[in-house]
Structure formats: C-alpha cells, structure tokens
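The residues making up each chain are set out below.
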Amino acid sequence: MFYTVSNDYATQQELLKEETHKFRMIPGRLFCRLTKSHSYFISEILKTHNNYKKCPTVISAGKFLSTSTAQTIDLDDKNDVKRDMKFSEKRYRNRKINMKSDYEKNLDFSHIDPDKFGNLKGKELIEDEETDGDEGDIEEENYLKNRPMRSQKLSTKQYADIIKEFFSQKKWADAIDVLETRMLKEDRIKPENYIYNLIISECGRLGYSKKAFQLYNQMKKRDLKVTGATYTALFNACANSPWTHDGLKRAKHLRELIFEKGYEPNANNYHAMIKAFGRCGDLSTAFTLVDEMAEKKLPISSETFNFLFHACITDKEAGFRHALLVWRKMLNKGIQRDIYTYNLLLRTIRDCGLGDLDVTRDTFHRIVEESKRQIQSKSLKKKHLLEAGGKKPVLTLQSPDEGNVTEENSVNNETTKEISNVSEVTSFTGELEENRPNLLAVSPQFGNIIALTEVTRPEDRLLLVGGLSGFLEQMRKDGVKPDIKTFTQFLDNIPSTKSAEQALLSAMQKENVIPDIDFYNMLIKKRSMRFDYIHAREVLKMIQNAKLHPDIVTFGVLALSCRTQEESESLISDMKTAEFRMNAEILGAMLKQGCCHWDFKYVLAIMQIAIEEGVRPNEKFLEHLENFHKSCLKKIKRRDVNMEEMPRGVGRNYFKNGFKKFSSEYSSWLKQVEPEKTAHPWEQFNKKQTPDSRK
C-alpha cells in the first residue's frame, strides 16, 4: 500500500496517526524524502515518539535527501524494510550520532513559522554527513574491505619458520612483529601456544624479561595452555635479565604464581628456577630448590649441581667456599662430574673468595669429619661383604695401573689405604705424605697450609684444589677431557710468571688441546698486565706459527703494551694493513698507558687520532681523561712534578708546560667530539630493522 506525503500540515498529522495505528510500524524504519519546506513537519515527527507510545520514533539513523517533489514509500515490502533496518543499525553504531539533536541544530524553521525568528545564516540540511568512528570500528572496516584470502594465510609451522629465520639473522624485532602485527592484526588468526613459547624462549635466552612476561600475559588472556616449557623460558628470562633486582622480583612472583595454580614443576623447571635465583643472588632459595627436588624424588643430576655452581659465582665474597661444599655433595651422592662442572669451578676460583675465615675453618672441619665417616662406612660394608661371602674362588680384576690383582688383595689394599688417609687428615696443617693440598680428592688433603689469611689470590685458591697438575689429575680420574676453554680459564688462575705459562702450554700439548686465537689473546693480555711487553709481542710469532690470524681483540690487548707514541703509531699502521678499523676500546688502552707515564704528547696524539678516525669516545675513555686532568692538578698544588714515570730527557718545566697545553686543548676537544651513548640493553628489540616482515 502506498500513500503520498501531502504539503498540508493538518492532513499530514491525520495520515500519520491513522497509518501508525494501522500498521504499527517497526521503530525508526520510516524513510521519507522531504523537501526543505517540510522541515517543521520533520520536527513534529521527532516529537511523536514521546506523544504516541504506539508509534515509536519514525526518523532515526537513515539519511535524509532533499528533493523538490513528494516521494512515496512502499510499506508492504518487508524484505526491503529488514534490509534497510540492518543497514541503518550498522551505520548508527559506526557513526554514533545523535540524529535528533544533530538535525534540530541544522534545520531552518524561518520559512514555516512567521512568529519565530529563523536561522539568519540560512543553514541547509546536511545531506550525508560523514563522521569518523572509533579506532576499533575503523580497523574492522579496513579488515572487511581487505580481508585476506585463505591462500594468503600460513600454517603454524610456516609462521614458526619465518620467526626462526629472523632469529638466525638476529632480527628479533621483526620476529616479534610476525606475531603481534602479521598474525594478529593482518591475517587475523589465533596463534597457538607453540608460537608464543618460541618467542618467549628466545626472549628468555637474551634476557628480554619485559617482553617475555608480556607475551605470557597475552597467552593467559587468549586462554592458551601454559606448558612447562613456558615457565622454563620465563625463569631463563629472569636469570639473563640485565638487572638482577628486576629478575629476582619477577622470579619470586612467578614462583608464587606457580604455587597458587597448583602446578607441579618438573626437573627442567627446577633447573631454570635454580639458575634464576642463583644468578640474581638469592643463594638460599637456590639451595632450597634442590632440597625440594630431593623431597619430590626428582632426578638430581650433574646439570642440577652445575646450576648451583652458577649460583656460587654470584657471591664474590664467599663463592669459592660454597663451591667446595657443592663439590663435596656431588662426591657424596656419587654424581658424575663433567666438563661444565670443572669449567664452572675454575670460574669460582678466579672470581670468588673464601669469605669469613672462621666459617671457612668450620667448613673445612666438616669436610674432614664427613670424609672420615664415609671412608669408615665403606670399609665396614666391604668387611661385612667379605665375612658374609666366606672363602670364595679368587677372581681377577684388571687394574689400569697394577695389572692383574686379586679381588681380596685389591679390597684389603684399598681399605688399608683409605684408613691410612683418614689418620693423616687430622688437622689443617698436619704432616702428610704429599705436601700439596687437594680439596677435590675423595680424601681431602690440606697439605702445608700455613694460614687461610694468605689465600687471597686466584693462584692461592688454585693451590687448594691441587694446582694445575692436581686439577688435571682429578679430571683424568673422573674421565673428563679438558677443552680449550678449560686452559683459557687456567690462564687467569695460574701465577703470573713465564714459567707457569710454559707449564700450562706443555700441559696443553700433553692433553692434545690446540690453542685458538682467544687463548693467545688472553696470554698477551696477561703478559701486558704485568708489564712484560717484550714477551707479550712474542706471542704474535706463536700465532703465526699456529697458522692463525689476529682479530680485533688481538690489537686491543696489544694496545696495552704501547708505552710510547711511536709504538702506538706502529700498531695503528698494522691495523690498517690488516683492514681493521680503530675503536674506542683500543684508543682507550693506549690512552691509559700515556696517562700512567705522564706523557702529555702521547695523550694529545691519542685525542687527535680520535678526531681524525671519527671515533666516538666512550664513557671509560672520557673517565681516563678526567682522572688524568684531576691528578695533574693535585700534583701541581703539591708541587710534586718530578716522577720516575715521566719520559726521559724532559726539561725542568716539562710538567707545567705540558699540563698547560693539555688543559687548553682538552676543553676545545670536548666540544669537537660526540661521546658515544650507552645503548639500552633492550634497544635491539624495540628498533625496527626491516620495513616489512613478510617474505
């Protein structure tokens, strides 16, 4: 049925009431096309919603179009009405416009009611007002317009391969972008927990704890299953965090969360927890976690104890004492030591001390008493075994050192030897058959230790575990072959003498371990630090004989031996020949030598090289210059300007004249150079490295 909208106002009102009562139209679904002259009629229709409950609002989210003629509306076409309803509701949600207030503001009633003042500006009805929706609506509209085809979407394995490829290229920001942008925003697919675990594991390995926990929270919001691998990766992120306090805080919170959820950690989870709490300095919690593993009857392996050695390394004051106790526990439980155990033990020898001497004496006393009990218990067990077995046929056992021996003689000899060792270990300074101490042996030997107060240097602590030869002998007993890392760490623990270094090289040759360039670099550094510059440069011949090539670190440690400007210029020339670029670390090593010898000419030359080579000085470089400037001022005030470290053949006023020239050029030099800013540890993750992550 059709009806025509008339120009007569009274007729329009009657038609409106009659038709609305008859058809009981759906709210807001009467679309009229009216001319400007019907503007007053529009306002009356808007008021109808309040006056007539049976006739809801007629004009709603539809759009009004101006026309010069009357229009008709088909009220019987229900399909068109339903379609228009859906279209109208969608537009209303996106625009969120109050149509009533909007149209009442823009209508001009001056042509209808002469008693009322109209809009003198003559505003016209807006035909189709476009308004911006919120961000979510815009994003949804863009997605619907550019919806990716099924052929464009990849499988989980394909996404994982792309992420792994970015990891191999060290493009971590792009790898994370594959998940957060491509999968979630562009392709609109729900990632599986494998993708999250993959990225969280890499963030954990690199110490990006913030992003690792953000992804973990996203997993929980998306109702993805959090597995044991997820918790392991999160604890690794805490362990490798550049800020130990932040890592410890996150590790404690995560452990409490696991306890609240009732999750039972596995051995890998406990290892990650021990590593996290140990590296962050909470040794008591790390040792408590091992006790929990024992209570839950989880396997305790050499890997578990290796993580405890990591924890010991963080305690610089008493870490070596803790490491000795961990070692004794491994012996008591019969856990096999591996190459990682020995290398970590060497690190504790290098970096950690014994701590409080009274506590250390008590620790050594407990080690002796525990060793006595173990040897006695073993002897009793073997004795009972022989008595219970009676006289049995003698079996021959092959011994690597003594050839064929009988079982009875072997047991008796071993028992006699152990008992004799127990009688020898009666005091810390007792007389033993062997004067060399060795706390790593099954029967600890303290040798001729005069006083624990003298054990302050790494070489002193190395002597407590048998020295170089005793340490290597213990490795042979455990069936562990030393590697190049083992001997590289020995360099930091042996005495700083050429004879000790020759003994180390001989031991390497005996063990068939070939030195690499890193070992030779450390050897150059060790000799340079004791001012043995001649023998430090002799290492270059050893590198050449080994058919190795120097790297940038080689030139960095050689810079420590450049005492004069001529030597530094020679090193810079060799670097250019080898096509290595100068950096702030190498110039800083040369600068340190110039400052130590009060060579103003050398110091100014290094400053000039920094400008010519375009090297941005780092914080340590600037610190050397500032300390040198302050030291010179103090000497001038004390009138202490004559020193043995100064260059030979200089005049009486060398120091004052040199400092005057240095001060004038130092201030201008600071204005010319641009210091190197310390990079944020997580900068590599925030910086976008490629414009597009798609492949």
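Since the model is a prediction, treat every value here as computed from it, not as a measurement. (Residues numbered from 1 in each chain as written. Predicted model: local features only at pLDDT ≥ 70, side-chain atom pairs only at ≥ 80, totals over all residues. Heavy atoms only, no water.)

Draft legend 1. View of the nonpolar core. Phe471 and Phe662 are the most contacted members of the largest nonpolar core, which has 150 residues in total. Not counting the four nearest positions on each side in its chain, Phe662 is found in contact with Phe600, Val603, Leu604, Met607, Leu625, Phe628 and His629. (Core = buried A, V, L, I, M, F, W, Y, C linked by side-chain atoms within 4.5 Å. Buried < 20%, exposed > 50% of the residue type's maximum accessible area, 1.4 Å probe, protein only. Contact = heavy atoms within 4.5 Å.)

Draft legend 2. Looking closely at the environment of Ser568. Summarising the element assignment, Ser568 is placed in helix H26 (residues 565–577). Linking Ser568 and Ile606, residues 38 residues apart in sequence, is a C-alpha distance of 8.9 Å. Discounting residues that sit within four places of it in the chain, Ser568 has contacts with Cys562, Met590 and Tyr602. (Helix = DSSP H or I, 4+ residues; strand = E, 2+ residues; numbered from the N terminus.)

Draft legend 3. Structural detail: the UniProt feature "repeat: PPR" (unreviewed entry) in the protein chain. Per the UniProt record, the feature "repeat: PPR" (unreviewed entry) sits at residues 192–226 and 266–300. In this annotation, residues 192–226 is assigned 77% helix and 0% strand; the end-to-end C-alpha distance for the span is 11 Å. Secondary structure within residues 266–300 divides into 74% helix and 0% strand; the distance between the first and last C-alpha atoms comes to 11 Å. (UniProt positions renumbered as here; feature names shortened; annotations may be inferred.)

Draft legend 4. Seen up close, the environment of Val615. Tracing the sequence through the fold places Val615 in the loop between helix H28 (600–612) and helix H29 (619–638). Taking relative accessible area as the criterion, Val615 reaches 9% and is therefore assigned buried. Discounting residues that sit within four places of it in the chain, Val615 has contacts with Met582, Asn583, Ala584, Leu587 and Ala610.

Draft legend 5. Up close: the pattern of salt bridges. This structure, assessed with the given rule, holds 21 salt bridges. With a closest N to O distance of 2.7 Å, Arg255 and Glu292 form a salt bridge. Of the two residues, Arg255 is situated in helix H11 (residues 244–261) and Glu292 in helix H13 (residues 283–295); the sequence distance between them amounts to 37 residues. Between Arg616 and Glu674 there is a salt bridge, with its nearest N and O atoms 3.7 Å apart. (Salt bridge = Lys/Arg side-chain N within 4 Å of Asp/Glu carboxyl O.)

Draft legend 6. Representation of the packing of helix H9 (residues 209–221) against helix H10 (residues 228–239) in the model. For the pair H9 and H10, the least separation of the axes is 9 Å and the interaxial angle reads 155 degrees. By the angle class used here, H9 and H10 are roughly antiparallel. Crossing of H9 against H10: the hand is left-handed. Only Thr230, Tyr231, Leu234, Ala237 and Cys238 of H10 make contact with H9, whose side of the interface consists of Ser209, Ala212, Phe213, Tyr216 and Met219. In terms of residue class, the contact of H9 with H10 is made up of eight nonpolar, two polar and no charged. (Axes fitted to C-alpha atoms, helices over the stretch in contact; angles between N-to-C directions. Parallel < 35°, antiparallel > 145°, perpendicular 65-115°, else oblique. Left-handed = near helix turned anticlockwise from the far one by under 90°. Nonpolar A, V, L, I, M, F, W, Y, C, P; charged D, E, K, R; others polar.)

Draft legend 7. Structural detail: the packing of H9 against H11. Running from N to C, H9 and H11 cross one another at 20 degrees; their axes reach a closest spacing of 11 Å. As summarised for this structure, H9 and H11 are arranged roughly parallel, according to the angle between their axes. For H9 against H11, the interelement crossing comes out left-handed. Each of Ser209, Lys210, Phe213, Tyr216 and Lys220 in H9 lies in contact with H11, whose residues at this interface are Asp246, Arg250, Leu254, Leu257 and Lys261. Its residues placed into classes, the contact of H9 with H11 shows four nonpolar, one polar and five charged.

Draft legend 8. Spatial organisation of unusual backbone geometry. With phi around 60 degrees, Lys170 is a residue other than glycine that occupies positive phi space. Position of Lys170 among the secondary structure elements: in the loop between helix H6 (156–168) and helix H7 (172–186). Using a relative accessible area of 57% as the deciding quantity, one classes Lys170 as exposed. A positive phi angle, near 60 degrees, is found at Lys547, a position not held by glycine. With respect to the secondary-structure elements, Lys547 resides in the loop between helix H24 (533–545) and helix H25 (552–558). Residue classification places Lys547 among the exposed residues on the basis of a relative accessible area of 73%.

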